[in-house]
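Listed here are the chains, written in short residue letters.
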Amino acid sequence: LSVALDHQSENNLHSLLKQRYPRKRIGVIHRLDRDTSGAILFSLDQDSYLSLKEQLKKRSMKRKYLVLIEGILEGEGVWDSFLKEDSSFTVHTVSEKTEGAEHAITEWKALGHDQKSTLLECRLVTGRKNQIRVQAQAVGHPVVGDTKYGSTKIGSSHRLMLHAFSLTCSHPDTEELLHF
């Protein structure tokens, strides 16, 4: 896990970083879903935390994912929907008029496919819980290995095929453009 959940007490990346840097104030900038691999960002002090969170809020921080989905999807497009989490911690697409609904936007581009699946590059415009996973399921193309959101376990994947491969932001002090 990126951070501890109220109902779980297992190890998580945030706790490990606090142990590694006991004199620093480790700030959680964004999270990755369990079983999602790739780039994640934490800060080491309050000023950096505030700067990076503001970049995330203003959508100037860019986050891209490689996603293997079930089925064939070609071209490129935008998934624009509203999401809401239920009491069992599952996120659903809902009407924009639903109380508590959060706007979610993902830009996607198909990179290639075989007979059963398509590799997408997805860029988060917003960053909602399980956003790519729920939106992919909603269009009938769940993420391979994502049994929570409809995957039929095609192929030999035993994990969620979702990888945060690119993160771009401005350095909190120098404003230099950083790309991870």
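Here the structure is shown first, and the text comes after it.
Structure report, in brief. (Residues numbered from 1 in each chain as written. Predicted model: local features only at pLDDT ≥ 70, side-chain atom pairs only at ≥ 80, totals over all residues. Heavy atoms only, no water.)

Side note on the side chain of histidine 14
Here comes step 1: Turning to its location among the elements, histidine 14 is positioned in helix H1 (residues 13-20).
Here comes step 2: Those residues in contact with histidine 14, other than ones at most four positions away along the chain, are Ser2, Val3, Ile26, Val28 and Phe42. (Helix = DSSP H or I, 4+ residues; strand = E, 2+ residues; numbered from the N terminus. Contact = heavy atoms within 4.5 Å.)

Overview of the pattern of salt bridges
Here comes step 1: Per the counting criterion, the structure on display carries six salt bridges.
Here comes step 2: Two residues, aspartate 33 and arginine 133, come together in a salt bridge whose shortest N-O distance is 3.2 Å. Taken together, the positions of aspartate 33 in the loop between strand S1 (27-28) and strand S2 (37-38) and arginine 133 in helix H3 (residues 131-138) put the pair 100 residues apart, joining distant regions of the chain.
Here comes step 3: For arginine 133, a relative accessible area of 9% puts it in the buried group.
Here comes step 4: A single salt-bridge network, built from bridges that share partners, covers Asp33, Arg133 and Asp146. (Salt bridge = Lys/Arg side-chain N within 4 Å of Asp/Glu carboxyl O. Buried < 20%, exposed > 50% of the residue type's maximum accessible area, 1.4 Å probe, protein only.)

Considerations on the pairing of strand S5 (residues 76-85)
Here comes step 1: Of the strand pairs in this sheet, S5 and strand S7 (residues 102-113) are connected by eight bridges, and their pairing is antiparallel. Bridge pairing in S7 places valine 78 opposite glutamate 107.
Here comes step 2: In terms of strand pairing, S5 meets strand S6 (residues 91-94) through four bridges, oriented antiparallel. Within S6, the residue paired with glutamate 85 across the bridge is valine 91.
Here comes step 3: The turn joining S5 and S6, which pair antiparallel and follow one another in sequence, is formed by five residues; a positive phi near 65° is taken by phenylalanine 89. (Pairing = 2+ DSSP bridges.)

Concerning unusual backbone geometry
Here comes step 1: The backbone of arginine 59 shows a phi angle near 65°, a positive value even though the residue is not glycine.
Here comes step 2: Here arginine 59 lies in the loop between helix H2 (46-58) and strand S4 (62-70).
Here comes step 3: The exposure class assigned to arginine 59 is partly exposed, which follows from its relative accessible area of 37%.
Here comes step 4: Backbone geometry at phenylalanine 89 places phi at a positive 65°, although glycine is not the residue there.
Here comes step 5: Examined against the element boundaries, phenylalanine 89 turns out to sit in the loop between S5 and S6.

Remarks on the packing of aromatic side chains
Here comes step 1: Across all of its chains, the model carries one aromatic pair by this definition.
Here comes step 2: The positively charged end of arginine 20 is found above the aromatic ring belonging to tyrosine 21, 5.3 Å away from the centroid. (Phe/Tyr/Trp six-rings, centres within 6.5 Å; stacked < 30°, edge-to-face > 60°. Lys NZ or Arg CZ within 6 Å of the ring centre and 35° of its normal.)

Focus: the nonpolar core
Here comes step 1: Counting 16 residues, the largest nonpolar core has Tyr65, Val67, Trp79, Leu120, Cys122 and Ile132 as its most contacted members.
Here comes step 2: Looking at this core, the elements with two or more residues in it are S4, strand S8 (117-124), H3 and strand S9 (162-170).
Here comes step 3: The contacts of leucine 120, once residues within four sequence positions are left out, are Tyr65, Leu66, Val67, Ile69, Leu73, Trp79, Trp108, Lys109, Ala110 and Leu111.
Here comes step 4: Core analysis: the second largest hydrophobic core is formed by seven residues, Leu52, Leu167, Cys169 and Leu178 among them. (Core = buried A, V, L, I, M, F, W, Y, C linked by side-chain atoms within 4.5 Å.)

Observations regarding H3
Here comes step 1: With six of its eight residues buried, H3 lies for the most part within the structure.
Here comes step 2: Within H3 the residues assigned to the buried category are Gln131, Ile132, Arg133, Val134, Gln135 and Ala136.
Here comes step 3: Those residues of H3 that are buried are in contact with S4, S5, S6, S7, S8 and S9.
Here comes step 4: Phi for glycine 140, located one or two positions after H3, is positive at around 85°.

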